[in-house]
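As a plain string of letters, each chain reads:
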4 protein chains.
Amino acid sequence: MVRFGVASDENDLEEELRKLKVQALVGHPRFTQVVMALILINAVLVGLETYPYIYDTYFPWIQWTDRLLLWAFTLEIVLRMIASRPTLSFFKDGWNVFDFIIVASGHLFVGSSFITVLRVLRVLRVLRAISILPALRRIVTALLLTLPSLAHIAFLLSILFYIFAVTGTMLFGEVSPEYFGTLHHTLLTLMQVLTLDSWASGMMRPMLDSAPWAWIYFTLFVLLGSFIVMNLIIGVIVTNLDRANEEGKPETPDQGSELRALRAEVGELKAMIRELSERGK
Amino acid sequence: MVRFGVASDENDLEEELRKLKVQALVGHPRFTQVVMALILINAVLVGLETYPYIYDTYFPWIQWTDRLLLWAFTLEIVLRMIASRPTLSFFKDGWNVFDFIIVASGHLFVGSSFITVLRVLRVLRVLRAISILPALRRIVTALLLTLPSLAHIAFLLSILFYIFAVTGTMLFGEVSPEYFGTLHHTLLTLMQVLTLDSWASGMMRPMLDSAPWAWIYFTLFVLLGSFIVMNLIIGVIVTNLDRANEEGKPETPDQGSELRALRAEVGELKAMIRELSERGK
Amino acid sequence: MVRFGVASDENDLEEELRKLKVQALVGHPRFTQVVMALILINAVLVGLETYPYIYDTYFPWIQWTDRLLLWAFTLEIVLRMIASRPTLSFFKDGWNVFDFIIVASGHLFVGSSFITVLRVLRVLRVLRAISILPALRRIVTALLLTLPSLAHIAFLLSILFYIFAVTGTMLFGEVSPEYFGTLHHTLLTLMQVLTLDSWASGMMRPMLDSAPWAWIYFTLFVLLGSFIVMNLIIGVIVTNLDRANEEGKPETPDQGSELRALRAEVGELKAMIRELSERGK
Amino acid sequence: MVRFGVASDENDLEEELRKLKVQALVGHPRFTQVVMALILINAVLVGLETYPYIYDTYFPWIQWTDRLLLWAFTLEIVLRMIASRPTLSFFKDGWNVFDFIIVASGHLFVGSSFITVLRVLRVLRVLRAISILPALRRIVTALLLTLPSLAHIAFLLSILFYIFAVTGTMLFGEVSPEYFGTLHHTLLTLMQVLTLDSWASGMMRPMLDSAPWAWIYFTLFVLLGSFIVMNLIIGVIVTNLDRANEEGKPETPDQGSELRALRAEVGELKAMIRELSERGK
């Protein structure tokens, strides 16, 4: 973590020492615990705010605590930035960028009239619990790593969605404007059909009188959609199992090398006996 | 099971003998069968009680049988406690603690006015079928063992729930007070959305008129929620498969040792030939 | 298939010859094709009968065809019985017993007034397509074989169902008699909750006014129920994967024996060299 | 790709040269990119058409662009046909046939009065994105390859559907004509029950008054249907995992051959020592 070489080139010894002190502070488990506690207080605060009675009565208190929290988080980020000098290396970690944006946006919108945006931002600070706890960080990273392997099948699913959306709007736009009125209405409807929520009871059946063939459209989409989603899920399972299998199998290559070593020794044996036999002649 | 050493220190031989007799009684298969039968009678009884006609007509009978059952269970627990003297060791098994609490609470609340609590407790005695049958005990233990591996992803899910709950209450609290009125209402609503029950037909669509952007909130939660739940399930599958695989693979390490032995023998061979060759010089 | 020994003990040669002829007939692929065709005709017939217009107009035709089919099936069963003499061995295969019951019951109820029973029996003859086609037979046998491994967890699920059914009837019997009126109503309700059909929108929410704590009951059951069902499904997956893995791994034991043979040969080598070395002294 | 032998037999050198040029053109990555762009433009166009305002205002523009696109696609197909002379070999690839049909049908229905058919065909051109992108092509091929392994269990499912459809129409045809009026109504109803959409809340419960035993029919179908569908899904998972496992295990046979080679060498050793020992006598 400590890069003496880099530091001595541009900073004097004093600054380097300060950096080391900050690193010790930031790396201390107590530091993480305090930040986690602040995140928890922030979480409880945004939760309490949703109750109008509490919000109206304790408004000044809540506002003050919130400002204190924002500055505490800012201080934390600044400390961690100093600890990982040069500043650029701080931004190399995606999680740090995430933390920075969450906190910086809190300052940006302060005093603005977009109160809802500000409040949503404060809620999003709860997400920092993930970036602070290494275990959660690892899980989210693992989840994100499964995404690329799903890209192709997700693209396939979106082609299916688009084709059925255009066809659905064309065929049922006038029959059922609530569900198939425009292209974006239909896309939302298809999302609902894919989750199987009232696809038949609420949507298809009322349409059967005026569009008796609508069942073909719905059944086809349910079957194709479920089939692709099923394969998407299976893809994730297979990827996960493969990774788990690879981690659990370190012995086989070792055995191969053992075998090769054995064969080499038998080769030496043969050479020794050949020599012995030739000498005996 | 018999600990002579411990016993001889504190009890006389007579008491030790009594303990052995009780152990023989408790360990007998017939003992388990009788207890299982009592649990079954208890189950039928609490079932019959739910029919008001039967409850009103046979009330004294039911009450008497119930008291008899409670004392029979108490006797069983006491016998099993004696069999596993010292008493403390009895409470080391979580299942025994469970049995004890179920039966003891029956005595605690007897005659109290919390009739509903008492009846629920009597229903819970049916759960003793699990602690009595070893096969079920093993399955429940296995199920409980998968829980820790799910802890992290469950925590992630609860962060997601909390953030969407606060945001939902903020954004839709006035639009749809039935679903998003307060923080706890929203949490229940999100639970319903996660099970995909009427998330679109019953909740989102009626809100689209007054909050046209609500679909982003719902779709995002459905996608993120399903994705995390899916990974939670896959986690359990992978854990289970790994355990199943490990149990089914006892041969590989054996093969490795076989290989090592073979190599040692070839090494001896080489030494023998070297000796032979040196002698021949 | 041909058991000369058994036959010559009790039957004369002529009868044995007849049996062989019947076996050749029954084993012929064309025989299976004809039976399959009859099952198909039967299937189309019971399908057409459901349309009242066709039923009323062609009633005599349908009845005649049906009688013909019943006798054809009877003839088939009798032939297969003769082919697998002694008759008892015919009933050793569960599928044969199944075929026999399906056909025999058709004769039993003929002319009876239980028209619905008779018609349902005729529909069930379609199931014979499974017993006739070996591929389907194998799949159904495989499905049935997964059942025993699920027995324990299914028992656990039924304990959960029973406890929640009794508790539900006790707590909500008066609040929502439609869903929790009696024990069997509640069991059906729980089945519906387990499939997540309108568990919140249709059942829990209307009850929240009069029983504000109902959400605990529902959420708990949804969580526990889904967890057990999930493990039930995972159990089937693991069982299936294990079976698939075992079928795909015939090589490892062979390798072990190869290794043992190699070691034996190296042992012989050592003995030979020792002898050589002793001779050299 | 270039078959000189075949070409020199029937064409002169000039034509062969032209074919080579076309192949270079068709094989160029820029060619695929242009076609992909045309498909995208086509997709946006059919999307915009669904908005009546845009359709009415820009109708001539849309029509012209559409005709241009059709001819562009035709040119593409013709070029690819020339590149893969003889023409018959072009049609050996299923994806080429698919492309040909999609484009050819556009010409067939041009100017016809079946405007809806024409528009649906134009939507289907979006599917060409699959045949153009090799990654998607591979995924769809993989998905199609899992289908045969599901054939048997799908047949089993359809037998279940048919039996329950006939029985349902017979039993509930008069009680609930909306859901069980005719055989095809019942089949659609069963499809809905299988997706668990309002199977209890919308269908079974309203029927319980007039057909109190309907719950047996529904519960049985839900259980059997889910069980078979679950096994269908598990079948796909097992097939996929098997394939993934086979791809990831190239080492084991290599180890076996290594072992055999080792044994052969030990055999040679033994022969050498025997010779040595015999000479020493």
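To be clear, the structure that these remarks concern was listed above.
Rules used throughout
- Throughout, a residue's number is its position along its own chain's written sequence, starting from 1.
- Chains and ligands are labelled sequentially in the order written, the chains with letters from A and the ligands with numbers from 1.
- In keeping with the model being predicted, local features are shown solely for residues with a pLDDT of at least 70 and side-chain atom pairs are shown and tallied solely at 80 or more, while totals for entire chains, interfaces and linings include all residues.
- With hydrogens and water stripped out, all remaining heavy atoms of the structure feed into the side-chain values.
- Numbering of helices and strands runs from the N terminus; a helix is a DSSP stretch of H or I covering at least four residues, while a strand is a stretch of E covering at least two.
- Three labels apply to residues, based on accessible area from a 1.4 Å probe with only protein chains included: buried if under 20% of the type maximum, exposed if over 50%, partly exposed otherwise in between.
- Whether two residues are in contact is decided by their heavy atoms: any pair within 4.5 Å suffices.
- Using a 1.4 Å probe, the Shrake-Rupley method yields the accessible areas, and only the shown protein chains count as cover for residues.
- We superpose the copies by least squares over the C-alpha atoms of residues that have a pLDDT of at least 70 in both of them.
- A 1.4 Å probe defines the accessible area here, and the buried area is the portion of it lost by two parts on being joined, summed over both.
- What makes a salt bridge here is a side-chain nitrogen of Lys or Arg within 4 Å of a carboxyl oxygen of Asp or Glu, nothing more.
- Helix axes are fitted only over the stretch in contact, all axes being lines through C-alpha atoms; the angle between N-to-C directions runs from 0 to 180 degrees.
- In what follows, roughly perpendicular refers to angles from 65 to 115 degrees, roughly parallel to angles under 35, roughly antiparallel to angles over 145, and oblique to any angle outside these ranges.
- Two helices that cross are described as forming a left-handed crossing if the nearer one is turned anticlockwise from the farther one by less than a right angle, and a right-handed crossing if clockwise.
- Side-chain classes are defined by residue name, with Ala, Val, Leu, Ile, Met, Phe, Trp, Tyr, Cys and Pro counting as nonpolar, Asp, Glu, Lys and Arg as charged, and the others, Gly among them, as polar.
- Like-charged residues within 9 Å of one another, or nonpolar side chains (Val, Leu, Ile, Met, Phe, Trp, Tyr) within 5 Å, are grouped into patches, provided each residue has over 30% relative accessible area and no salt bridge.
- For the purposes of this section, nonpolar cores are sets of buried Ala, Val, Leu, Ile, Met, Phe, Trp, Tyr and Cys residues that join through side-chain atoms within 4.5 Å.

A. Quick look at the overall build of chain A. When its secondary structure is counted, chain A shows 15 helices and zero strands. Buried positions account for 45% of the 281 residues belonging to chain A. Here the contacts in chain A between residues at least 6 apart in sequence split such that 62% fall between residues at least 24 apart. When the accessible surface of chain A is totalled, it reaches about 14,800 Å², and 68% of it is carbon and sulfur.

B. The arrangement of the relation of the copies chain D and chain A in detail. Aligned on chain A, chain D shows an RMSD of 0.1 Å; the corresponding rotation is 90° and the shift along the axis is 0.1 Å. Taken together, these values place the two copies in the relation of a four-fold axis.

C. Just the interface of chain B and chain A, in detail. Each partner contributes residues to the interface: chain B has 56 residues there, and chain A has 55 residues. With both chains or domains summed, chain B and chain A bury close to 4,700 Å², and 74% of this area falls on carbon and sulfur atoms. If you look at where chain B meets chain A, you find zero salt bridges. Every element with two or more residues in the side of chain B that touches chain A is listed here: α10 (134–172), α12 (183–194), α13 (199–207), α14 (214–247) and α15 (251–280) of chain B. Among the elements that line the side of chain B that touches chain A, the one with the most residues is α15 of chain B, at 17 residues.

D. Representation of the packing of helix α10 (residues 134–172) of chain C against helix α12 (residues 183–194) of chain C in the model. Residues and elements named next belong to chain C. One way to put it is that α10 packs onto α12 with a least axis distance of 9 Å and a crossing angle of 120°. The orientation of α10 relative to α12 falls into the category oblique. The element α10 and its partner α12 pack so that their crossing is right-handed. Here F161, Y162, F164, A165, V166, G168 and T169 of α10 lie close against α12, whose contacting residues are L183, T186, L187, L190, M191 and L194. When its residues are assigned to classes, the contact of α10 with α12 shows 10 nonpolar, three polar and no charged.

E. Quick peek at a nonpolar patch on the surface. Residues and elements named next belong to chain A. Among the surface-exposed residues, F91, F100 and I101 lie close enough to one another that they form a single nonpolar patch of about 250 Å² accessible area. With respect to the helices and strands, the residue I101 is situated in helix α7 (residues 94–108). According to the relative accessible area criterion, I101 is exposed, its value standing at 51%.

F. Here's a closer look at the nonpolar core. F218 of chain A, F218 of chain B, F218 of chain C together with F218 of chain D are the most contacted members of the largest nonpolar core, which totals 280 residues. Among the nonpolar cores identified, the runner-up in size contains 24 residues, and I273 of chain A, L259 and M272 of chain B together with L262 of chain D belong to it.

G. Expanded view of the pattern of salt bridges. On inspection of all chains with the given rule, the structure shows 36 salt bridges over all chains. Between E49 of chain B and R122 of chain B there is a salt bridge; the shortest N-O distance is 2.0 Å. Here R122 of chain B lies in helix α8 (residues 115–124) and E49 of chain B lies in helix α3 (residues 29–49), a separation of 73 residues in the sequence. Given the relative accessible area of 10%, R122 of chain B is considered buried. Overlapping salt bridges, with partners in common, bring together E49, D66, R119, R122 and R125 of chain A in one network.

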